[in-house]
Amino acid sequence: QVQLVESGGGLVQAGGSLRVSCAASGGTFSSWHMGWFRQAPGKGREFVASITKSGGSADYTDSVKGRFTISRDNTKDTVYLQMNSLKPEDTAVYYCAAATVTYYSMTYYQGPHRYDYWGQGTQVTVSS
């Protein structure tokens, strides 16, 4: 069965950097559109970024543009989220997700319901 396993979360000071990873197994990683979402305490799951199957295009929510970078390595079945200039409001559990259906607009992948598989999440805490 498909498994997505996140790692790399932790505690970092505001202004610092962190890279979270998501390793996939049990399926054809290179055929999936991948996304990162986050959920802060008391809030809903929020789209952060997504990347096409080839890694050629990416989409970001406005609040992370210029600070976060999503990337993938299809030889390692892994997707990454590099987070720079972190702010306390970035504190959340970060989830990776895989979408098996191809949509023609990147904005479709901003909805959690577009994704078929989810990881268990990794906590990112940014202290002020």
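Residues numbered from 1 in each chain as written. Predicted model: local features only at pLDDT ≥ 70, side-chain atom pairs only at ≥ 80, totals over all residues. Heavy atoms only, no water.

A. Representation of the state of the cysteines within the structure. According to the stated counting rule, one finds 1 disulfide in the structure shown. With a sulfur-sulfur separation of 1.9 Å, Cys22 is cross-linked through a disulfide to Cys96. One quick way to see it: the torsion about the S-S bond of Cys22 and Cys96 is about 45°, and its sign makes the bridge right-handed. In this pair, Cys22 is assigned in strand 3 (residues 18–25) and Cys96 in strand 9 (residues 92–99), connecting sequence segments 74 residues apart. A relative accessible area of 0% means that Cys96 is categorised as buried. (Disulfide = S-S within 2.5 Å. Helix = DSSP H or I, 4+ residues; strand = E, 2+ residues; numbered from the N terminus. Buried < 20%, exposed > 50% of the residue type's maximum accessible area, 1.4 Å probe, protein only.)

B. Focus on the packing of aromatic side chains. Scanning the model with the defined rule gives 9 aromatic pairs in all. Geometrically, the ring pair formed by Tyr103 and Tyr108 is stacked, given 5.4 Å between the ring centres and 15° between the ring planes. Residues Tyr109 and Tyr115 carry aromatic rings whose centres are separated by 6.3 Å and whose planes lie at 65° to one another, so their mutual orientation is edge-to-face. Of the two residues, Tyr109 and Tyr115, neither departs from the other in class, the shared state being buried. Pairwise contacts between aromatic rings join Phe37, Phe47, Tyr103, Tyr108, Tyr109, Tyr115 and Trp118 into one cluster. Geometry around Tyr95 places Arg45 over its ring, the cationic atom sitting 3.9 Å from the centre. In this structure, Arg72 is placed above the aromatic ring of Phe29, and the distance from its NZ or CZ to the ring centre is 4.4 Å. (Phe/Tyr/Trp six-rings, centres within 6.5 Å; stacked < 30°, edge-to-face > 60°. Lys NZ or Arg CZ within 6 Å of the ring centre and 35° of its normal.)

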